Amino acid sequence: LLLLDEPFSALDQNTKVMLYKEFHEFRKKWNIGTIMVTHNLFEAELLSDKILEIKDGIVIRERYNHLTGKIIKVDRHEYFTNIVVQCGELTLSVTKPEYFSSTRLKVGEGVSISVRPERLIILKDKNIKPEAIGITNIFQARVKEINETKRSAKIYLSSGGNEFFSAMTLDALNKLSLAVGEEIWCLLDAEGINIFSI
């Protein structure tokens with residue numbers, strides 16, 4: 001188990017980007033579990049497949065959805081890599097920048113993916129054309145539970161044998177008028193997904 005306490009905090013940006021790539025390669029080469037403490041949310045989102053927020057020594061929330069699946073397609077380009085993952089009956093496209101360590105990802109490999117709940121957009125109908133706004137993934141889901149807090153809401157969903165949640169403002173929830181058991185549409189941009197080897 002590799003334990004890291006703010007390992008990149010005192011580095012310049014160029015060195016950070018170089019070490020981010022080495023960090024990904026190291027984890028894949030040695031298949032090692034890692035716990036990293038950081039106050040940099042961008043860094044946590046880039047490097048982690050699971051993020052826990054801790055306050056006064058207590059985990060107060062988990063930030064990501066987690067799904068497992070298998071790679072069915074990999075297209076490498078000069079500036080980015082497109083990866084298609086089959087998660088149960090759900091097919092999702094993932095796009096990663098060129099510096100992301102994707103060289104070891106191959107068709108047929110089992111992977112885990114993490115989806116940021118605030119990037120998972122809910123629609124009541126499919127009138128919008130996802131391709132017109134650059135959205136790659138669109139799929140149907142069923143509302144399983146609606147959990148409201150004082151400041152936001154979590155919408156728990158199921159689709160294609162997967163369970164996950166979307167996060168939104170209370171104002172957005174009121175405008176949608178969602179009901180438990182309702183069939184809805186989900187939009188998810190390919191850049192809002194992180195992908196990791198199992």
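The text that follows walks through the structure, step by step, so that each part is easy to find. Computed from a prediction, not measured in an experiment: that's the story for all the values here. (Residues numbered from 1 in each chain as written. Predicted model: local features only at pLDDT ≥ 70, side-chain atom pairs only at ≥ 80, totals over all residues. Heavy atoms only, no water.)

This paragraph deals with a nonpolar patch on the surface. Taken together, the side chains of Leu1, Leu3 and Ile35 define a hydrophobic patch exposed on the protein surface, amounting to about 360 Å² of accessible area. Within the fold, Leu3 resides in strand E1 (residues 2-5). (Patch = residues over 30% accessible without salt bridge, like charges linked within 9 Å, V, L, I, M, F, W, Y side chains within 5 Å. Areas by Shrake-Rupley, 256 points an atom, 1.4 Å probe, with all protein chains shown as cover. Salt bridge = Lys/Arg side-chain N within 4 Å of Asp/Glu carboxyl O. Helix = DSSP H or I, 4+ residues; strand = E, 2+ residues; numbered from the N terminus.)

Let us look at the pattern of salt bridges. Applying the stated criterion to the full structure yields seven salt bridges. When the shortest N-O distance is used, the salt bridge between Asp75 and Lys73 registers 3.7 Å. Since its relative accessible area comes to 30%, Asp75 is described here as partly exposed. Asp171 is the salt-bridge partner of Lys175, the closest N and O atoms lying 3.3 Å from each other. On the criterion of helical spacing, the pair formed by Lys175 and Asp171 is a turn pair, its members being four residues apart in helix H3 (residues 170-176). On the accessibility criterion, Lys175 (67% relative accessible area) is exposed. (Buried < 20%, exposed > 50% of the residue type's maximum accessible area, 1.4 Å probe, protein only.)

The buried count for strand E13 (residues 183-188) comes to five of six residues, which makes it a mostly enclosed element. Both strand E9 (residues 120-123) and E13 contribute to a ladder of four bridges, which runs antiparallel. Across the sheet, Leu120 pairs through a bridge with Leu188, a residue of E13. Where strand E10 (residues 137-148) meets E13, six bridges bridge the pair, whose relative direction is antiparallel. Paired with Asn137 across the bridge in E13 is Leu188. (Pairing = 2+ DSSP bridges.)

Inspection of every chain in the model, using the stated rule, returns four aromatic pairs. Measuring from centroid to centroid gives 6.3 Å for Phe8 and Phe23, while their planes differ by 85°, and the two rings are edge-to-face. Taken together, the positions of Phe8 in the loop between E1 and helix H1 (13-30) and Phe23 in helix H1 put the pair 15 residues apart, joining distant regions of the chain. Phe23 shares its class with Phe8; the two are buried. Ring geometry for Phe139 and Phe164: centres 6.0 Å apart, planes at 90°, overall edge-to-face. Of this pair, Phe139 sits in strand E10 while Phe164 is found in strand E12 (residues 162-169), placing the two residues 25 residues apart along the sequence. (Phe/Tyr/Trp six-rings, centres within 6.5 Å; stacked < 30°, edge-to-face > 60°.)

Here the focus is the sheet that holds E10. Sheet strands line up and pair through hydrogen bonds in the backbone, either parallel or antiparallel. Overall, antiparallel pairing links the five strands, which are arranged E9-E13-E10-E11-E12 in an open sheet. Here the strands that pair on one side only, and so sit at the sheet edges, are E9 and E12. Ignoring which end each strand starts from, the neighbouring axes of this sheet average 45° apart. Note that E10 and strand E11 (residues 152-159) share six bridges and pair antiparallel. Counterpart to Ile146 in the pairing with E11 is Ile155. (Axes fitted to C-alpha atoms, helices over the stretch in contact; angles between N-to-C directions.)

Remark: a regular strand shows side chains that alternate across the two faces of the sheet. Summarising the sheet, strand E5 (residues 65-76) and strand E6 (residues 80-87) pair through six bridges and their orientation is antiparallel. Paired with Ile71 across the two strands is Val85, which belongs to E6. With antiparallel pairing between neighbouring strands as the criterion, E5 and E6 make up a hairpin whose turn holds three residues. In this sheet, strand E7 (residues 90-97) lies alongside E6 in antiparallel orientation, the contact comprising eight bridges. The residue of E7 that forms the bridge with Val85 is Leu92. Between the end of E6 and the start of E7, which pair antiparallel, lie two residues, with Gly88 showing a positive phi angle near 65°.

As summarised here, the arrangement of the five strands in space is E7-E6-E5-E8-E14, forming an open sheet in which the pairing is antiparallel. If you trace the sheet from one side to the other, it starts and ends with E7 and strand E14 (193-197), each paired once. Across the sheet, the mean angle separating the axes of adjacent strands is 40° when strand polarity is ignored.

Scope: geometric values only; no functional claims are made or implied.
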